[in-house]
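# Reading the structure
Chain residues, written in single-letter form:
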Amino acid sequence: MIMVHLGILLPRNKKQKIQLPEKIERLCQEKNIKITELSIDSDNGIKEGCFDVLLHKVTDYYNEFTAEEADIRIKKFREYILKYPKMIVIDDIEGCIKMTDRKYQTQILKACEITLDGIKVFVPKIIEIPVNTGVKDAEILLTENGVKFPVIAKPITASLADGSHQMMLIFSKASIKDLPVPCLVQEFRKHGGVVYKVYVIGEHFYMCERPSIKDIDNSSKTTLIFDTRNVSKTGKAYIPDLHVADPNLREWLSCDDCPNMLNRTVVNELCHIIRCETKLKLFGFDVLIEKDTGNYALIDVNHFPGYKGINEKYFARDLVELILHEGTKKP
């Protein structure tokens, strides 16, 4: 049996959350995959040599260090992989960096706008409010683009700095003054307070439910500021202004409980499109089922998510399968 040498480079917080390599150690031993954990020294870079496969989430260094310190580590990582061009890197660093830009994310999601099995997949209207835009100009931008309230204001950068998960729900033109310029402004669509997470590992995908913002209309006048990690994750506190009910008092289903929570043909096609557009092998995206139409609204896509909410055995099995497949490719 061919030995596959696997290097794993994960920042401390990501390693703890996703529990790698612990989750895959037994399977790797069975499949003759040798694991080496790596670290980046900001002075000397990575000391180890070449691997058959290198698994990483180096963009998470921005969540643990200052931007300057994270930049140094990313630079050292780039230098390291350039030394070994035949090493398979999961995933391509340039693609990972691009996925931290919500404008790029929007382009990817726009490529997924299809109609299949009678379901329309769309991205709710979204526009950029550039830096130094005044209140009046922001109002003109929203009006000219036909943006309807309520809207969600999102930071342009995703996961590279403090505040990247901080959002605002704005209900009227009178509250445009609250916009955290620069930002992206996206129409809010009613979806019953449930978001569907789709997790992709190579050619496999899994789904689960998570809490989301309740169906709020324009009758609320006060801008609501929130962190998405506190709204759409289980085990977080109940937020009456945003949740339809205490999310900790209901069971959130996985695809084991409800295999067809989303149309699998549609989801499979979306996975295929995102793979082709990004060349990523580990990613996730969020789907809302529009309340009035049953159509699918795409609102987020990200690289190497936490995969929380699906059966852990699938994550370990499919990740090892991916590593083995990539590591035994013929040159």
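Preceding this paragraph is the structure being described.
Just so you know, these numbers come straight off a predicted model, no measurement behind them.

### Considerations on the sheet that holds strand 14 (residues 282–289)
- Pairing in this open sheet of six strands is mixed, and the strands run 5-6-15-14-11-12 from one edge to the other. The open sheet is flanked by strand 5 (115–116) and strand 12 (204–211), the only strands paired with a single partner.
- Direction of pairing for strand 14 relative to strand 15 (residues 296–303): antiparallel, over a ladder of seven bridges. Residue pairing across strands places phenylalanine 285 opposite valine 301, the latter belonging to strand 15.

### Thoughts on the side chain of lysine 14
- With respect to the element layout, lysine 14 can be found in helix 1 (residues 12–18).
- With no salt bridge to any partner, buried lysine 14 finds its closest opposite charge in aspartate 60, at an N-O distance of 4.8 Å.
- Side-chain polar atoms of lysine 14 contact the backbone oxygen of proline 305, separated by 3.2 Å.
- Once residues within four sequence positions are removed from consideration, lysine 14 is found in contact with Gln19, Lys57, Asp60, Glu64, Phe304, Pro305 and Gly306.

### Notes on the pattern of salt bridges
- Inspection of the entire model under this criterion finds 21 salt bridges.
- We note a salt bridge from glutamate 30 to arginine 26, for which the minimum N-O separation is 2.6 Å. Taken together, the residues glutamate 30 and arginine 26, both in helix 2 (residues 25–30) and four residues apart, mark about one turn of the helix.
- The class for glutamate 30 is partly exposed, based on a relative accessible area of 45%.
- Residue classification places arginine 26 among the exposed residues on the basis of a relative accessible area of 55%.
- The shortest N-O distance in the salt bridge between glutamate 128 and lysine 103 comes to 3.5 Å. Residue glutamate 128 is found in strand 7 (residues 126–129), and its partner lysine 103 is found in helix 5 (residues 102–110); the two are separated by 25 residues along the sequence.
- By sharing partners, the salt bridges in this structure join Lys15, Glu22 and Glu37 into a single network.

Definitions and cut-offs
Residues numbered from 1 in each chain as written. Predicted model: local features only at pLDDT ≥ 70, side-chain atom pairs only at ≥ 80, totals over all residues. Heavy atoms only, no water. Pairing = 2+ DSSP bridges. Helix = DSSP H or I, 4+ residues; strand = E, 2+ residues; numbered from the N terminus. Buried < 20%, exposed > 50% of the residue type's maximum accessible area, 1.4 Å probe, protein only. Lys, Arg positive; Asp, Glu negative; His and termini not counted. Salt bridge = Lys/Arg side-chain N within 4 Å of Asp/Glu carboxyl O. Polar contact = N/O pair within 3.5 Å; in protein donor to acceptor, adjacent residues only side chain to side chain. Contact = heavy atoms within 4.5 Å.

Coordinates in, geometry out; function isn't part of it.
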